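# A structural walkthrough
Given next are the chains, with one letter for each unit.
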Amino acid sequence: LCLQVPELEKATVRIRQPERVRGIIRSLREQGVAKLQVISDFDMTLSRFGCNGRRCPTSHNILDTSRVISEDGKKKLKDLLHYYYPIEIDPNRTLEEKRPLMVEWWTKAHELLVQQKIHKGDIAQIVRESEAMLRDGFKEFFDQLHENSVPLFIFSAGVGDILEEIIRQANVFYPNVNVVSNYMDFNDDGVLTHFKGPLIHTYNKNNSVLQGTGYFQQLSTRTSIILLGDSMGDLTMADGVPSVENILKIGFLNDKVEERRGKYLDSYDIVLESDETLDVVNGILRYILTE
């Protein structure tokens, strides 16, 4: 298979069951374009984790550190991050322990943002001034899916308004892209008053927050899935798909690589360690989508 997908030879690639993965990729190709859909996380999956030794911002970070947030607000948001992020990525805590704490974190952060009276009209500029970066190869990724009419479902615990703006400014917000995320609600003066429900955090990205969207039902014939994520919580993103025939789970292991490697290799078919590109994903898509 490495002949057809040479990117799998990259040093960043780890696969626990190569034979199984080969089989899935072949099946995805055999089932064809008409059956394929891609389900992806956004922050640190489609966007970069780092650049030149510095961390890249998530969609929440972009807002938290922007000029529209007061110094006091910035400090409080940073304190929340320092307290809750280690809990989020702690491999020794169970999901049951983490879930209520994530709800707590997101709720507090959103309340702080609402206090800042953010204007809808500032969002494009906030994104422009930020250090947001999509992964290298993003254009080929979005273009391939668009040209082949493959639905891309972005399921994000980030801020929908911000991540949509990032994709828009990158000129890849095509009609085949659908986003479910935490969206801001603005009043008639364009001021943020609250976040629309349901709240999406790292560990509830499953059917529970998709009920009523009917998104996957409309795509019931799309039974081949490529799932892209960077956390354990992303593994459930395809739970709402009615009848999955083939699913290839690709995980970006960005942080604390050594201590989390085992868990990722147990859960994802392909693990990409400290890889800031979409090369492997693009290589697999090229193989599946070329006649």
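All values reported here derive from a predicted model rather than from experimental measurement.

The buried fraction of helix α7 (residues 160-169) amounts to eight of the 10 residues, a majority that puts the element mostly inside the structure. Considered for burial, the residues of α7 that qualify are Gly160, Asp161, Ile162, Leu163, Glu164, Glu165, Ile166 and Ile167. Positive phi appears at Asn171, one or two residues downstream of α7, with a value of about 60 degrees.

Right, let's get into the packing of aromatic side chains. This model, assessed by the stated rule, comprises nine aromatic pairs. Connected via pairs of aromatic rings, a cluster forms that spans Tyr83, Tyr84, Trp105 and Trp106. Taking NZ or CZ as reference, Arg29 lies 4.7 Å from the ring centre of Tyr287, over its face.

Our next topic: the domain arrangement of the chain. Assigned domains of the chain: these are domain 1 (6-51 + 133-289) and domain 2 (54-129). The C-alpha centroid of domain 2 is placed 21 Å from the C-alpha centroid of domain 1. The interface is formed by 36 residues belonging to domain 1 together with 31 residues belonging to domain 2. In total, about 3,000 Å² of surface goes out of reach between domain 1 and domain 2, with carbon and sulfur atoms giving 67% of it. Our count for the domain 1 to domain 2 interface comes out at one salt bridge. The salt bridge partner of Arg55 is Asp255, with a shortest N-O separation of 4.0 Å. Applying the counting rule to domain 1 against domain 2 returns 15 residue pairs in polar contact (both at pLDDT 80 or more). Of all the secondary structure elements, the ones that give two or more residues to the side of domain 1 that touches domain 2 are β3 (50-51), β5 (152-159), α7, β7 (184-186), β8 (192-195) and α9 (257-267). With six residues, α7 is the largest single contributor of residues to the side of domain 1 that touches domain 2. Partitioned by chemical class, the residues of the side of domain 1 that touches domain 2 number 17 nonpolar, nine polar and 10 charged.

To continue, consider the sheet that holds strand β6 (residues 177-182). Strands sit in the order β1-β11-β10-β9-β2-β5-β6 across an open sheet of seven strands; the sheet is mixed. The strands lining the two open edges of the sheet, one partner per strand, are β1 (13-14) and β6. Pairing of strand β10 (residues 246-253) with strand β11 (residues 270-273) involves four bridges; the strand directions are parallel. Paired with Gly251 across the two strands is Val271, which belongs to β11. This element, helix α1 (residues 18-31), spans β2 (36-40), β9 (224-229), β10 and β11 of the sheet and lies at about 125 degrees to β10.

Reading guide: rules and limits
- Residues numbered from 1 in each chain as written.
- Predicted model: local features only at pLDDT ≥ 70, side-chain atom pairs only at ≥ 80, totals over all residues.
- Heavy atoms only, no water.
- Buried < 20%, exposed > 50% of the residue type's maximum accessible area, 1.4 Å probe, protein only.
- Helix = DSSP H or I, 4+ residues; strand = E, 2+ residues; numbered from the N terminus.
- Phe/Tyr/Trp six-rings, centres within 6.5 Å; stacked < 30°, edge-to-face > 60°.
- Lys NZ or Arg CZ within 6 Å of the ring centre and 35° of its normal.
- Domains from an automatic or database assignment.
- Contact = heavy atoms within 4.5 Å.
- Buried area = accessible area lost by both parts, 1.4 Å probe.
- Salt bridge = Lys/Arg side-chain N within 4 Å of Asp/Glu carboxyl O.
- Polar contact = N/O pair within 3.5 Å; in protein donor to acceptor, adjacent residues only side chain to side chain.
- Nonpolar A, V, L, I, M, F, W, Y, C, P; charged D, E, K, R; others polar.
- Pairing = 2+ DSSP bridges.
- Axes fitted to C-alpha atoms, helices over the stretch in contact; angles between N-to-C directions.

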